Amino acid sequence: MRRLVSSGSPLEPIIGFSRAVRAGPYVVVAGTAPIAEGGGTACPGDVAGQTRRCFEIAEAALIEAGASRRDVIRTRMMLTDITRWREAADVHGEWFVGVRPACTFVEVKGFIDPAWLVEIEIDAVVGE
C-alpha cells in the first residue's frame, strides 16, 4: 500500500513531491515550512510561531495518512539560526510531551523562502 498526501502547496506539483507518503505502516512527512493559511509566511520573525505552524501542517498530513502524534518516531528540525534552537525546542517539547521521538536539530543556510526560519520533517510508524 502506498498513499500520497497533499497539503495543497503550490510547490508540490512543481517539485514533484507529496507532503506525506504512507507505505504500509510507515509515514514520512516531507520538509514542512511555515506556510500561512491563504499563502505567505506564518509568524514572520517568530521561530516558535513558525514551528507551531509547521507542526499544524505536518499533523494534518499525518492524520490524513492514518497516523497521529503518538505514532511519531523521529523529527528533524532545521533552522536558519541554530542559536534560536531553544525557541523551536520548547514548542517541540509541548507538541510531543509523552511521545518523545528521536529528534535532530540542524542549522541550514536557508530555505526556498528567506522568511522561513524553520522547517521540519517527521517520520512515523502506525501501530507501533
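Procedures and definitions
Residues numbered from 1 in each chain as written. Predicted model: local features only at pLDDT ≥ 70, side-chain atom pairs only at ≥ 80, totals over all residues. Heavy atoms only, no water. Pairing = 2+ DSSP bridges. Helix = DSSP H or I, 4+ residues; strand = E, 2+ residues; numbered from the N terminus. Axes fitted to C-alpha atoms, helices over the stretch in contact; angles between N-to-C directions. Salt bridge = Lys/Arg side-chain N within 4 Å of Asp/Glu carboxyl O. Buried < 20%, exposed > 50% of the residue type's maximum accessible area, 1.4 Å probe, protein only.

A sheet is described by the order of its strands in space; here six strands give the open sequence β1-β2-β3-β6-β4-β5, paired in mixed fashion. Each edge of the open sheet is held by one strand with a lone partner, namely β1 (2-5) and β5 (102-107). Across this sheet, the average inter-strand angle for adjacent strands is 10 degrees, counted without regard to direction. Pairing geometry for β1 and strand β2 (residues 20-23), over four bridges, is antiparallel.

Turning our eyes to something else, we now look at the pattern of salt bridges. For the structure on display, the rule yields seven salt bridges. Between arginine 52 and glutamate 94 there is a salt bridge; the shortest N-O distance is 3.5 Å. On the criterion of sequence distance, the pair formed by arginine 52 in helix α2 (residues 47-64) and glutamate 94 in helix α3 (residues 85-95) is long-range, its members being 42 residues apart. By relative accessible area, which is 33% here, arginine 52 ends up partly exposed. Of the charged contacts, one joins aspartate 90 and arginine 86 as a salt bridge, the two residues approaching to 3.2 Å between their closest N and O atoms. Taken together, the residues span about one helical turn, with aspartate 90 and arginine 86 both in helix α3 at a distance of four residues. When its relative accessible area of 40% is taken as the criterion, aspartate 90 is described as partly exposed. The structure contains a network of salt bridges with shared partners spanning Arg76, Glu121 and Asp123.

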